[in-house]
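# Structural description and commentary
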Amino acid sequence: SQKIEQNSEALNIQEGKTATLTCNYTNYSPAYLQWYRQDPGRGPVFLLLIRENEKEKRKERLKVTFDTTLKQSLFHITASQPADSATYLCALNSNSGYALNFGKGTSLLVTP
Amino acid sequence: DAGVTQSPTHLIKTRGQQVTLRCSPKSGHDTVSWYQQALGQGPQFIFQYYEEEERQRGNFPDRFSGHQFPNYSSELNVNALLLGDSALYLCASAPVGKRTNYGYTFGSGTRLTVV
């Protein structure tokens, strides 16, 4: 069956450090992978999209890598700030469908 | 520019009742998708509408139905509510053909509690 797995444990890091979140998937052949941020009681907010033929994508303090051989994406937040504290969701879809399939998300807490 | 608007924000219903949730997509967007998010879980795809037709459906029973109107707004209907239907219901919109570049825009959701 298809699975998308994210770090099940919450990630606690100190302000200024780099946060690294992992997304692993099985039985998918995604055309692209997306990362979203979700705050409590709110809907997900789109952050970055990376295609299957791209290795890395950056946006300001965010960096995403995509390894289709390992079936893994890494999401990095550099120089993290307390305002980065949220749940981060990994999502995959494929050329054959319109659905986004989400992982459970990883909770990130950045402390001053 | 208003994003995705959902109503109501909160709702409490009794088992067996029916509920209708509403969504207005972001201006310029013509596809609307609905997701169910249980506490501590990622959103689960219910269905997507485009040109007033359901064009893909997730693994949800027929009790879940929807509609898209000519102005692209959408409704999600759930019949014969069960306790397990309690969740945050999210609406997401995107411009057709461009979702691969911009991702989806989500609303803040409707929190449905079934008692």
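Residues numbered from 1 in each chain as written. Chains lettered and ligands numbered in written order. Predicted model: local features only at pLDDT ≥ 70, side-chain atom pairs only at ≥ 80, totals over all residues. Heavy atoms only, no water.

### Describing the packing of aromatic side chains
Applying the stated rule across the entire model yields 12 aromatic pairs over all chains. Aromatic pair Phe102 of chain A and Tyr35 of chain B: ring centres 5.8 Å apart, planes at 85°, arrangement edge-to-face. Taken as a pair, Phe102 of chain A in strand S10 (residues 101–102) and Tyr35 of chain B in strand S4 (residues 31–37) lie in two separate chains rather than in one. A residue is classified by how much of its surface remains accessible, and Tyr35 of chain B, at 0% relative accessible area, is buried. The interplanar angle of 65° and the centroid separation of 5.6 Å between the aromatic rings of Tyr35 of chain B and Phe45 of chain B together place this pair among those described as edge-to-face. Of this pair, Tyr35 of chain B sits in strand S4 while Phe45 of chain B sits in strand S5 (residues 44–50), placing them 10 residues apart in sequence. Ring pairing ties together the aromatic residues Tyr36, Phe46 and Phe102 of chain A together with Tyr35, Phe45 and Phe106 of chain B, which thus form one cluster. Sitting above the plane of the Tyr98 of chain A ring, Arg55 of chain B keeps its charged end 3.6 Å from the centroid. (Phe/Tyr/Trp six-rings, centres within 6.5 Å; stacked < 30°, edge-to-face > 60°. Helix = DSSP H or I, 4+ residues; strand = E, 2+ residues; numbered from the N terminus. Buried < 20%, exposed > 50% of the residue type's maximum accessible area, 1.4 Å probe, protein only. Lys NZ or Arg CZ within 6 Å of the ring centre and 35° of its normal.)

### Let's talk about the interface of chain A and chain B
The partner chain B presents 21 residues to the 20 residues of chain A that form the contact. Between chain A and chain B, the buried area comes to about 1800 Å², and carbon and sulfur atoms account for 50% of it. Of all residues in chain A, Tyr98, Phe102 and Lys104 of chain A give up the largest surface area on contact with chain B, accounting jointly for 33% of the area buried on that side. Linking chain A with chain B are 0 salt bridges. At the junction of chain A with chain B, the criterion picks out 6 residue pairs in polar contact (both at pLDDT 80 or more). Secondary structure elements with two or more residues in the side of chain A that touches chain B: strand S4 (32–38), strand S5 (45–51) and strand S9 (86–93) of chain A. A per-element tally of the side of chain A that touches chain B places S4 of chain A first, with 4 residues. (Contact = heavy atoms within 4.5 Å. Buried area = accessible area lost by both parts, 1.4 Å probe. Salt bridge = Lys/Arg side-chain N within 4 Å of Asp/Glu carboxyl O. Polar contact = N/O pair within 3.5 Å; in protein donor to acceptor, adjacent residues only side chain to side chain.)

### Some points on unusual backbone geometry
In this model, Ser7 of chain B is joined to Pro8 of chain B through a cis peptide bond whose omega is -10°. Along the chain, the position of Pro8 of chain B falls in the loop between strand S1 (5–7) and strand S2 (10–13). One non-glycine residue, Ala79 of chain A, lies in positive phi territory at about 45°. As for its placement among the helices and strands, Ala79 of chain A is situated in the loop between strand S8 (72–77) and S9. A relative accessible area of 40% places Ala79 of chain A in the partly exposed class.

### Examining the sheet that holds strand S7 (residues 64–68) of chain B
Residue and element names in this part refer to chain B. Judged by pairing direction, the sheet is antiparallel, and its 4 strands sit side by side in the order S1-S3-S8-S7 without closing on themselves. Sheet topology places S1 and S7 at the edges, where each strand pairs with a single neighbour. Within this sheet the neighbouring strands show an average axis-to-axis angle of 20°, counted without direction. (Pairing = 2+ DSSP bridges. Axes fitted to C-alpha atoms, helices over the stretch in contact; angles between N-to-C directions.)

### Topic: the side chain of Thr106 of chain A
Residues and elements named next belong to chain A. Examined against the element boundaries, Thr106 turns out to sit in strand S11 (residues 106–111). On the basis of relative accessible area, Thr106 is assigned to the buried category, the value being 0%. Among the polar contacts made by the side chain of Thr106, one reaches the main-chain carbonyl oxygen of Asn7 at a distance of 3.1 Å.

### So, the sheet that holds strand S7 (residues 62–67) of chain A
All names here are of chain A. The strand order across the open sheet built from 5 strands is S1-S3-S8-S7-S6, with neighbouring strands paired in antiparallel fashion. Each having just a single partner strand, strand S1 (3–6) and strand S6 (56–59) make up the two edges of the open sheet. Averaged over all pairs of adjacent strands, the angle between their axes in this sheet comes to 15°, without regard to strand direction.

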